[in-house]
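The lines below spell out each chain.
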Amino acid sequence: MNEAAAFHSNDYPYIDPVDSRHLLFRFRLAREDDSARVYVHYGNKYLFQNKRHRFELGKKYLTGRFAYYEGVVELDDQRVGYVFEIAEENGKKHYFSQNGLVDEYSFFDSYKDYLQFPYVHDSDCINAPSWVEQAVFYQIFPDRFRRMDFAKDDDYIDMKWGSRPTRMNHAGGDIKGIIASLDYLSGLGINAIYLTPIFTSPSNHKYDTVDYLRIDPQFGTEDDLKELIGQMHARGMRLVLDAVYNHMSFFAPPFQDVVTKGRQSPYEGWFMLREGKPDFRKRNYETFSTAAYMPKIDVDNQEAEAYLRKVTIHYLKLGIDGWRLDVGDEISHRFWRRLHDEVKAKFPNTILLGENWHFGPSFLRGDEFDGMMNYPFYYLAVDYLAERRISAAEASSRLNEIYLFYRKKATKMMLNLLDSHDTARFLTVAKDNVDALECGLALMFFHPGMSCIYYGTEIPMEGGLDPDCRRCFPYEKALAGSSHQELLKKLIALRKTIPLSEGDYSAHEENGLLVIHRRAGKKALTLRINATDEVVPFAGGAIVSYRAQGGSISPFGFVISES
């Protein structure tokens, strides 16, 4: 046995309280040792020497190098001591305790080195908002989605609707346009909307906020926002807004006060100045990336923190259902913990979603973000389906790794995506291969977490990197419908069934196909994707299929079946 690969940590995600009476255990072995059986001995840590339970963990996930075993046990006491037993096929046994892997173990002396989860507190368990398990999001870039307010001052509009955008163009979309489109979105099966920023800002994207407590007149008013919230809730839909707390606009009044008064400004501590007064050309202050027009906020400043928390609570009181937290990984853990505690105490059904383009387990321990934008999933989908850089075996390995990276309930609140306002459209990356897009959507709806469709994917829309990925939405074309939309509706409806909203997960390769299983009790679904150049046979029926018939799947086709 490869002893160096045997691993467990008595911390997330290797041990995870599902609730105060159920504890999830994970253990890792080398992939070549996956024929071994793994057991956990567990019980009240004060009685562990003489009284304990033995439970076999199931082999659940294979990655390129490792095999992961997992199981959920029912506790009869919240003070837990435990030790693992590994039984090889040849009959040889090993034990894993706080001192690592050994061939013999004395339970009589276990008080010295058993592993422990000292106490399972309710407050340490993740409680997901009641609505997230069946959430299907639709991301909207408001300036480009739809205009329905023709009474507003439109002098700012400098592009014809539908023409190719530049970084500076304004097209005129607004909140009333979103309201007028809710029946269309609901008809697709969408039940949640994520809006990029809607607060006052000189840009079309609004990520350089001037006033967080005022809706940009280009988009409407606070009354328009209230109407949107009311109309959405009447349809059973949820609304998430974008919180840009890492930085604000160079032209925001607090920063302009510092520009004028320097160190004498009462807002000086809100920002990270390196010397004297802020100088746009010298960029002698911390910024988002290298953007001088986006000065970074010191969120650990007491007054700045109080202001941002005020903003957060203000819109939650209006009725929004959550926040997407821009550049969340560059803001202090202290700030997020304090904000999380206040939000959850007052609005427990709210979701907090961080933006992080990589893995970020330190933010998903249950006391900061609920979930994050799942860019590692996006990279996988691009590599496997759009650019065909990896095989089904490599894809399954990476999918399992993505799933294993976080606490169990946190994975349900990851926002899975194929593209966004910050990426090229998936269809364009796939060189207009609509079949690859269809397979990507099936993969996204099968992966644990919340699915997010970028506006226009249902048409589907094309677009390169920013600003081309932010083209205007052709509403009339969308209303005309298509076979693509009908397939999307089927996938969305299936996503809301129990196996996909609540079920366990595993991925593997089989005969060149990427195979994903989702199971909840006796209900189970299996997805098979063929991203090869060959027709691949499969056994069984299909409840949803694409480019598959007669027991075979054509290149860039998929089959979803009951299993």
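See above for the structure.
Please read all numbers here as calculations on a predicted model, not as lab measurements.

It is worth spelling out helix 8 (residues 392-404) at this point. In an α-helix, one turn spans 3.6 residues; hence positions three or four apart end up facing the same way. Here helix 8 is 13 residues long and its end C-alpha atoms lie 18 Å apart, about the 18 Å a rise of 1.5 Å per residue gives. Considered for burial, the residues of helix 8 that qualify are Ala 392, Ala 395, Ser 396, Ser 397, Leu 399, Asn 400, Ile 402, Tyr 403 and Leu 404.

On to the side chain of Asn 301, then. Residue position: Asn 301 is located in the loop between strand 16 (291-295) and helix 5 (302-318). The residues touching Asn 301, leaving out its near neighbours within four places in the chain, are Gly 269 and Trp 270.

Attention shifts here to the sheet that holds strand 14 (residues 238-243). Here we have eight strands rolled up into a closed barrel, ordered 10-11-14-17-18-19-20-21, and parallel in their pairing. Taking the axes of each pair of neighbouring strands and ignoring which way they run, one obtains an average angle of 25° across the sheet. As defined by bridge partners, strand 10 (residues 136-140) adjoins strand 11 (residues 192-195) across four bridges and the pair is classed as parallel. If you follow Tyr 138 over to strand 11, its bridge partner there is Ile 193. The strands touched by helix 3 (residues 222-234) are strand 11 and strand 14; relative to strand 14, the strand with the most contacts, the crossing angle is about 145°.

All right, on to the packing of helix 7 (residues 375-386) against helix 11 (residues 434-446) then. It is at 10 Å that the axes of helix 7 and helix 11 come closest, and there the two elements cross at 145°. Of the two possible hands of crossing, helix 7 and helix 11 adopt the one that is right-handed. Listed contacts from helix 11 to Phe 377, Leu 380, Ala 381 and Leu 385 of helix 7 are Ala 436, Cys 439, Gly 440, Leu 443 and Met 444. For the contact of helix 7 with helix 11, the residue count by class is eight nonpolar, one polar and no charged.

So, on to the pattern of salt bridges. Applying the stated criterion across every chain yields a total of 44 salt bridges. Put simply, Arg 324 and Glu 355 hold a salt bridge, and the shortest N to O gap is 3.2 Å. Here Arg 324, found in strand 17 (residues 322-325), pairs with Glu 355, found in the loop between strand 18 (351-354) and strand 19 (371-374); they are 31 residues apart in sequence, far enough to count as distant. Like Arg 324, the residue Glu 355 is buried in the burial classification. Between Arg 547 and Asp 435 there is a salt bridge, with its nearest N and O atoms 3.7 Å apart. Of the two residues, Arg 547 is situated in strand 26 (residues 544-549) and Asp 435 in helix 11; the sequence distance between them amounts to 112 residues. One salt-bridge network, in which partners are shared between bridges, spans Asp 300, Glu 305, Arg 309, Arg 334, Arg 338, Glu 342 and Lys 346.

This brings us to the packing of helix 3 against helix 5. Two numbers describe how helix 3 lies on helix 5: the axes approach to 10 Å, and their chain directions differ by 55°. Comparing their axes, helix 5 and helix 3 come out oblique. Contacts between helix 3 and helix 5 involve Glu 222, Leu 225, Lys 226 and Ile 229 from the first element and His 314, Tyr 315 and Leu 318 from the second. The class makeup of the residues in the contact of helix 3 with helix 5 is four nonpolar, one polar and two charged.

Moving on: the packing of aromatic side chains. Taken as a whole, this structure holds 49 aromatic pairs when the rule is applied. On the numbers, 5.8 Å between centres and 90° between planes, the contact of Tyr 375 with Tyr 378 is edge-to-face. Of this pair, Tyr 375 and Tyr 378 both sit in helix 7, three residues apart, which is roughly one turn of that helix. For Tyr 375, a relative accessible area of 0% translates into the label buried. These aromatic residues form a ring-pair network of at least three members: Phe 199, Tyr 212, Tyr 245, Tyr 267, Trp 270, Tyr 307, Tyr 315, Trp 323, Phe 335, Trp 336, Phe 363 and Phe 369. The positively charged end of Arg 54 is found above the aromatic ring belonging to Tyr 39, 3.7 Å away from the centroid.

With six of eight residues buried, strand 23 (residues 513-520) lies mostly within the body of the structure. In the sheet, strand 22 (residues 504-510) pairs with strand 23 via seven bridges, with the strands oriented antiparallel. Bridge pairing in strand 23 places Ser 506 opposite His 517. Counting the residues in the hairpin turn of strand 22 and strand 23 gives two residues, including Asn 511, whose phi is positive at 55°.

Within the fold, Lys 261 resides in helix 4 (residues 253-261). The partly exposed category is assigned to Lys 261, whose relative accessible area is 42%. In the structure, Lys 261 is positioned 111 residues away from Met 372 in sequence and 38 Å away in space, judged by C-alpha atoms.

Okay, helix 7 next. Burial analysis of helix 7 places 11 of its 12 residues in the buried class, the great majority of the element. The set of residues buried in helix 7 consists of Tyr 375, Pro 376, Phe 377, Tyr 378, Leu 380, Ala 381, Val 382, Asp 383, Tyr 384, Leu 385 and Ala 386.

Counting 148 residues, the largest nonpolar core has Tyr 245, Trp 323 and Phe 558 as its most contacted members. Among the nonpolar cores identified, the runner-up in size contains 25 residues, and Ala 36, Ala 67, Phe 96 and Phe 117 belong to it.

This part is about the pairing of strand 21 (residues 450-454). When you tally the buried positions in strand 21, you get five out of five residues, the bulk of the element. Burial along strand 21 is two-sided: Met 450, Cys 452 and Tyr 454 facing one way and Ser 451 and Ile 453 facing the other are all buried. Here four bridges tie strand 10 to strand 21, and the two strands are oriented parallel to one another. Residue Phe 137 lies in a different strand from strand 21, and its bridge partner there is Cys 452. Pairing of strand 20 (residues 415-417) with strand 21, which is carried by three bridges, proceeds in the parallel orientation. Along strand 21, the bridge assignment pairs Asn 416 with Ser 451.

So, on to the state of the cysteines. Taken as a whole and assessed by the stated rule, the structure comprises zero disulfides. Of the cysteine sulfurs around Cys 452, a residue in no disulfide, the closest is that of Cys 469, at 14 Å. A relative accessible area of 4% places Cys 452 in the buried class.

It is worth spelling out the environment of Ile 193 at this point. Residue position: Ile 193 is located in strand 11. With 56 residues separating them in the primary sequence, Ile 193 and Phe 137 have C-alpha atoms 5.2 Å apart. Discounting chain neighbours no more than four positions away, the residues touching Ile 193 are Phe 137, Tyr 138, Ile 140, Ile 178, Leu 182, Leu 185, Met 232, Met 237, Arg 238, Leu 239 and Val 240.

Thresholds, definitions, all that
- Each chain carries its own residue numbering, running from 1 in the direction its sequence is written.
- Given that this is a predicted model, residues contribute local features only at a pLDDT of at least 70 and side-chain atom pairs are listed and counted only at 80 or more, while totals for whole chains, interfaces and linings are drawn from all residues.
- Remark: hydrogens and water are excluded; side-chain values derive from all non-hydrogen atoms of the structure.
- Working definition: helices are DSSP H or I runs of at least four residues, strands are E runs of at least two. Numbering for both runs from the N terminus.
- Here the expected span of a helix is defined as 1.5 Å times the quantity of residues minus one.
- Burial status follows relative accessibility: with a 1.4 Å probe on protein chains alone, a residue under 20% of its type maximum counts as buried, one over 50% as exposed, and anything between as partly exposed.
- Here, two residues are considered to be in contact whenever any of their heavy atoms come within 4.5 Å of each other.
- Each pair of strands is called paired provided DSSP finds at least two bridges between the two strands.
- In this analysis, axes come from line fits to C-alpha atoms, helices being fitted only over the stretch in contact, and the angle between any two N-to-C directions falls in the range 0 to 180 degrees.
- The handedness criterion is simple: a crossing whose near helix is rotated anticlockwise from the far helix by less than a right angle is left-handed, and one whose near helix is rotated clockwise is right-handed.
- Each residue is assigned to one of three groups, with Ala, Val, Leu, Ile, Met, Phe, Trp, Tyr, Cys and Pro labelled nonpolar, Asp, Glu, Lys and Arg labelled charged, and all others, Gly among them, labelled polar.
- Think of a salt bridge as a Lys or Arg side-chain nitrogen and an Asp or Glu carboxyl oxygen that are within 4 Å of each other.
- Any angle from 65 to 115 degrees is called roughly perpendicular, while one under 35 is roughly parallel, one over 145 is roughly antiparallel, and all others are oblique.
- Stacked, tilted and edge-to-face are the three classes assigned to paired rings of Phe, Tyr and Trp, where Trp is represented by its six-membered ring and a pair needs centres within 6.5 Å; plane angles under 30 degrees give stacked, over 60 edge-to-face, the rest tilted.
- Two thresholds decide whether a charge sits over a ring: the Lys NZ or Arg CZ must be within 6 Å of the ring centre and within 35 degrees of the ring normal.
- Grouping buried Ala, Val, Leu, Ile, Met, Phe, Trp, Tyr and Cys residues that are joined through side-chain atoms within 4.5 Å yields what is termed a nonpolar core.
- Any two cysteine sulfur atoms lying within 2.5 Å of each other are counted as a disulfide.

As far as function goes, none of this settles anything; it's purely spatial.
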